[in-house]
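Structural characterization, general
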Amino acid sequence: MSRPKAKPTATAAKKKSTTSKVTKTKKVSPYNMYIKSELAKVKEKNPGIAHKDAFKLAAQNWATAPQNPKVAAK
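A brief structural summary.

Conventions we followed
Residues numbered from 1 in each chain as written. Predicted model: local features only at pLDDT ≥ 70, side-chain atom pairs only at ≥ 80, totals over all residues. Heavy atoms only, no water. Helix = DSSP H or I, 4+ residues; strand = E, 2+ residues; numbered from the N terminus. Buried < 20%, exposed > 50% of the residue type's maximum accessible area, 1.4 Å probe, protein only. Lys, Arg positive; Asp, Glu negative; His and termini not counted. Salt bridge = Lys/Arg side-chain N within 4 Å of Asp/Glu carboxyl O. Contact = heavy atoms within 4.5 Å. Axes fitted to C-alpha atoms, helices over the stretch in contact; angles between N-to-C directions. Parallel < 35°, antiparallel > 145°, perpendicular 65-115°, else oblique. Left-handed = near helix turned anticlockwise from the far one by under 90°.

1. Notes on the side chain of Glu 38
Position of Glu 38 relative to the elements: it lies in helix H2 (residues 30–45). Within the buried core, Glu 38 has no salt-bridge partner, and the shortest N-O distance to an opposite charge, that of Lys 41, equals 4.2 Å. When near neighbours in sequence (up to four residues on either side) are disregarded, Glu 38 contacts Ala 58 and Asn 61.

In structure tokens form, the structure reads like this:
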């Protein structure tokens, strides 16, 4: 004998609809904006560089960047 499948409950259906309805966008940090533009610059200057290495260089440049709030405060 096979059992009949249980019907989904109303709460299960409700959970699916609420999670997919609303998506909030986060505020982009100054670091993220800088890295996005700096990564493009680093890759333009060094076309054969691996992404990982380019990201390291961009992150190192952030330490002295004027967009960095910690540098600007000094």
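2. Observations concerning the packing of H2 against helix H3 (residues 51–62)
It is at 9 Å that the axes of H2 and H3 come closest, and there the two elements cross at 125°. Between H2 and H3, the interaxial angle falls into the category oblique. The handedness of the crossing between H2 and H3 comes out as right-handed. Only His 51, Ala 54, Phe 55, Leu 57, Ala 58, Ala 59, Asn 61 and Trp 62 of H3 make contact with H2, whose side of the interface consists of Pro 30, Tyr 31, Tyr 34, Ile 35, Glu 38, Leu 39, Val 42 and Lys 43.

Any functional reading would require information that these geometric values do not contain.
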